[in-house]
Amino acid sequence: MFHLKNAQLNVEILDPALDLARLGSRYCVGGYIYQVTDQALGPLLAGPQFPATNPDVFHGQGAPEQFVRVLNENAELGEEVAVIGVGRVRRTGQLKPSFAHNNPEVLRFLPWLVESTPTSFTLTSEDTFEDQAYRLKRTVSLNERSLSSETQIENTGARPLPIEWFAHPFFPLTDGGTCCKPSLAVRVPENAGYALNQAGFIEQKTQSDWARGYYLALEFEPATEPLRMLQRHPKLGQVLAETNFPPQRLPIWGNDRTFSFEPYFIRELSAGNSAEFGIRYDF
């Protein structure tokens, strides 16, 4: 693993060449934040199987990020598809169109160029699949207690490039079941897992079967400002997360070990165009 360290935090980032046993088809390989540890308080992030030493690669842990759409998304069973930020994957899932998390068999991972400074790691890769191609740059940087994850992607192919990305940070649960408070005015539709309390925080319903986990897409009017999310934390009290883009979607998910919110950046890039997006966590 790569490490970003200062007197307060130690950030573990998976090595895209040497940590392949912890990597799969679901999460972007370059810049995968696997854990953030407070030098005094211990680990600050969790995961669906936490505290398992080797969680399976589908569930993962920490603060991974995912490109949902695959290239050649209508491929037949057994055919090869490309997952942005991962590499070549065999289509084994039955659903059409096919998404990264439906197809766990990685045929070959992308190679990455890794550059570092005392406060950052930058990982760059590129891929061409038929007439679609891209160049991807991921930068993870640490400044005091602020951890930033930034992505730049350029469409270098002839066809439009579908970008459907989200950050998937996994936080430990609080004793009272209070999760997060988004800056957006959200609506929580009727569901078995979550409720919105009078202070504007989303909380877990105590009578629910949390071992199975609950997913819910929050409802809101089209966003025009970046998301600020106040996340309750059992060791720190709270963590502030902020995107640098207005989210197009905002699902939440949790089980009996972790809770996560998922701000989406969705764009179709025409040939020659690029996009930049990212998220910052203040621990």
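Here goes a summary of the coordinates provided. Just so you know, these numbers come straight off a predicted model, no measurement behind them.

1. Quick look at the sheet that holds strand β2 (residues 9-13)
Alright, step 1. Taking strand neighbours across the sheet as the criterion, the four strands line up as β1-β2-β3-β4 in an open arrangement whose pairing is antiparallel. Strands with a single pairing partner mark the edges of an open sheet, and in this sheet they are β1 (2-5) and β4 (42-43).
Alright, step 2. Bridge analysis of strand β3 (residues 33-38) against β4 gives two bridges, and the strand direction is antiparallel. The residue bridging D38 from the neighbouring strand is G42, located in β4.

2. A look at the nonpolar core
Alright, step 1. Of all hydrophobic cores here, the largest spans 73 residues; its most connected members are V36, F67, I153, I163, F261, F277 and F283.
Alright, step 2. For F67, the residues in contact, after removing those within four places along its chain, are C28, V83, I84, A100, L136, T151, I153, I163, E164, W165 and F277.

3. Notes on the environment of K137
Alright, step 1. Mapped onto the elements of the fold, K137 is located in strand β12 (residues 132-143).
Alright, step 2. Among the residues examined, K137 registers a relative accessible area of 34% and is labelled partly exposed.
Alright, step 3. Setting aside its immediate chain neighbours within four residues, K137 contacts T122, L123, T124, E150, T151 and Q152.

4. Some points on the packing of aromatic side chains
Alright, step 1. For the structure shown, the criterion picks out 14 aromatic pairs.
Alright, step 2. Judged by centre distance (6.2 Å) and plane angle (65°), the rings of Y194 and F259 are edge-to-face. Highlighted residues: Y194 in strand β16 (residues 194-196) and F259 in strand β22 (residues 259-261), separated in sequence by 65 residues. F259 carries the same exposure label as Y194, and that label is buried.
Alright, step 3. For the ring pair W210 and Y214, a centre distance of 5.0 Å and an interplane angle of 75° mean the geometry is edge-to-face. The pair W210 / Y214 is uniform in exposure class, with both members buried.
Alright, step 4. Each residue in the set F67, W165, F245, F265 and F277 is aromatic and connected to the rest through ring pairs, giving one cluster.
Alright, step 5. The cationic tip of R26 hangs over the ring face of F58; the distance from NZ or CZ to the ring centre is 4.3 Å.
Alright, step 6. The ring of Y264 has R249 sitting right over it, with the charged end atom 4.7 Å from the ring centre.

5. Section: the pairing of β2
For a regular strand, the rule is simple: side chains alternate between the two faces of the sheet.
Alright, step 1. Among the five residues that make up β2, five are buried, leaving the element largely enclosed by the rest of the structure.
Alright, step 2. With burial as the criterion, each face of β2 is covered, one bearing L9, V11 and I13 and the other bearing N10 and E12.
Alright, step 3. Relative to β3, β2 runs antiparallel, the two being bridged by five bridges. By the bridge assignment, E12 is partnered in β3 with Q35.

6. Some thoughts on the pattern of salt bridges
Alright, step 1. Applying the stated criterion to the full structure yields 15 salt bridges.
Alright, step 2. R138 serves as the salt-bridge partner of E65, at 3.5 Å between the closest nitrogen and oxygen. A residue pair is termed long-range when its members are at least 10 positions apart, and E65 in strand β5 (residues 65-67) and R138 in strand β12 qualify at 73 residues.
Alright, step 3. Residue class for R138 comes out buried when judged on its relative accessible area of 1%.
Alright, step 4. Here R90 makes a salt bridge to E105, at a shortest N to O gap of 3.2 Å. Placement of R90 in strand β8 (residues 87-90) and of E105 in the loop between β8 and β9 (106-109) is noted, with a sequence separation of 15 residues between them.

Rules used throughout
- Numbering of residues starts from 1 in every chain and runs along the sequence as written.
- The predicted origin of the model limits local features to residues at a pLDDT of at least 70 and limits the giving and counting of side-chain atom pairs to 80 or more, whereas totals for whole chains, interfaces and linings rest on all residues.
- In computing side-chain values, all of the structure's heavy atoms are included and hydrogens and water are not.
- At least two DSSP bridges between two strands are required for those strands to pair.
- Secondary structure elements are taken from DSSP: a helix is a run of H or I of four residues or more, a strand is a run of E of two residues or more, and numbering for both begins at the N terminus.
- In this description, a nonpolar core means a group of buried Ala, Val, Leu, Ile, Met, Phe, Trp, Tyr and Cys residues linked to one another through side-chain atoms lying within 4.5 Å.
- Each residue gets one of three labels from its accessible area relative to the maximum for its type: buried under 20%, exposed over 50%, partly exposed in between, using a 1.4 Å probe on protein chains only.
- By definition in these notes, contact holds between two residues if any of their heavy atoms fall within 4.5 Å.
- Aromatic pairs are defined between Phe, Tyr and Trp rings, using the six-membered ring for Trp, whenever the two ring centres lie within 6.5 Å; interplanar angles under 30 degrees are classed as stacked, those over 60 as edge-to-face, and all others as tilted.
- For a ring to carry a charge above it, either NZ of a lysine or CZ of an arginine must fall within 6 Å of the ring centroid while also lying within 35 degrees of the normal to the ring plane.
- Each salt bridge in this description consists of a side-chain nitrogen of Lys or Arg and a carboxyl oxygen of Asp or Glu lying within 4 Å of one another.

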